[in-house]
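The lines below spell out each chain.
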Amino acid sequence: IQHEAWAPFAEGQNDIFNHPTLKAIAEQHDKGVGAVILRWLNQRNIVVIPKSVHKERMIENFNILDFTLSKEEIDAIALLETGKSPIYDDMDLLTVKGIGLHKIHE
Ligand SMILES: NC(=O)c1ccc[n+]([C@@H]2O[C@H](COP(=O)([O-])OP(=O)(O)OC[C@H]3O[C@@H](n4cnc5c(N)ncnc54)[C@H](OP(=O)(O)O)[C@@H]3O)[C@@H](O)[C@H]2O)c1
């Protein structure tokens, strides 16, 4: 099974781009928070599917292979886990059923 992040920035929710832990790690590597998030996923072998309408952010999001997060940094970011998706509750039976029945087209 290949895990994929279809909203690697949590759609920008939870003020993720201003999180102090992520900002501190980004400064350490002279990178943006977006790059740190994507590299964190990438170093854990998770495919990333980020979206941006800004050229400079797209460039940032592509350039994630020229730095490496340390084990301490990876662990610090893992601690930010809230245990709850900000997008939908995938532990809720009705929500999961609804997604399963959703039709993109007839
Ligand atoms: N979310 C889902 O459940 C879901 C489901 C199916 C398909 N998808 C697809 O997966 C892709 C990603 O999903 P998503 O757009 O929902 O979530 P996302 O990639 O987690 O978040 C996108 C948000 O992050 C901002 N952003 C991107 N790069 C940034 C950077 N380097 N610095 C600061 N802000 C940055 C974007 O703003 P700007 O655009 O203004 O730069 C946008 O507000 C999309 O193509 C989407 O269609 C998502």
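Residues numbered from 1 in each chain as written. Predicted model: local features only at pLDDT ≥ 70, side-chain atom pairs only at ≥ 80, totals over all residues. Heavy atoms only, no water.

1. Brief notes about the overall build of the chain
Phase 1 of the analysis: Across its full length, the chain carries five helices and two strands.
Phase 2 of the analysis: If you list the helices and strands of the chain from N to C, you get β-α-α-β-α-α-α.
Phase 3 of the analysis: Of the contacts made within the chain by residues no fewer than 6 positions apart, 70% connect residues no fewer than 24 positions apart.
Phase 4 of the analysis: Accessible surface, the chain as shown: approximately 8,100 Å² in total, 56% of it carbon and sulfur.
Phase 5 of the analysis: Once the 11 positive and 16 negative side-chain charges of the chain are each reduced to a mean point, those two points are 4 Å apart. (Helix = DSSP H or I, 4+ residues; strand = E, 2+ residues; numbered from the N terminus. Contact = heavy atoms within 4.5 Å. Areas by Shrake-Rupley, 256 points an atom, 1.4 Å probe, with all protein chains shown as cover. Lys, Arg positive; Asp, Glu negative; His and termini not counted. Charge placed at Lys NZ, Arg CZ, Asp CG, Glu CD.)

2. Digging into the packing of helix 1 (residues 20–28) against helix 2 (residues 33–43)
Phase 1 of the analysis: In the contact formed by helix 1 and helix 2, the axes pass within 8 Å of each other and the chain directions differ by 95 degrees. Regarding the angle of helix 1 to helix 2, the classification is roughly perpendicular. Between helix 1 and helix 2, the residues in contact are Leu22, Lys23, Ile25 and Ala26 and Val33, Val36 and Ile37, respectively. (Axes fitted to C-alpha atoms, helices over the stretch in contact; angles between N-to-C directions. Parallel < 35°, antiparallel > 145°, perpendicular 65-115°, else oblique.)

3. Comments concerning the pattern of salt bridges
Phase 1 of the analysis: Per the counting criterion, the structure on display carries three salt bridges.
Phase 2 of the analysis: Measuring nitrogen to oxygen at the nearest pair gives 2.7 Å for the salt bridge that ties Lys71 to Asp75. Here Lys71 and its partner Asp75 are both found in helix 4 (residues 71–78), four residues apart, which amounts to about one turn of the helix.
Phase 3 of the analysis: The exposed category is assigned to Lys71, whose relative accessible area is 59%.
Phase 4 of the analysis: On the basis of relative accessibility, which here comes to 34%, the residue Asp75 falls in the partly exposed class.
Phase 5 of the analysis: For Lys103, the salt bridge identified is with Glu106, shortest N-O distance 3.8 Å. For the pair Lys103 and Glu106, a shared accessibility class is recorded, and that class is exposed. (Salt bridge = Lys/Arg side-chain N within 4 Å of Asp/Glu carboxyl O. Buried < 20%, exposed > 50% of the residue type's maximum accessible area, 1.4 Å probe, protein only.)

So far we have only geometry, and geometry alone does not tell us how the molecule works.
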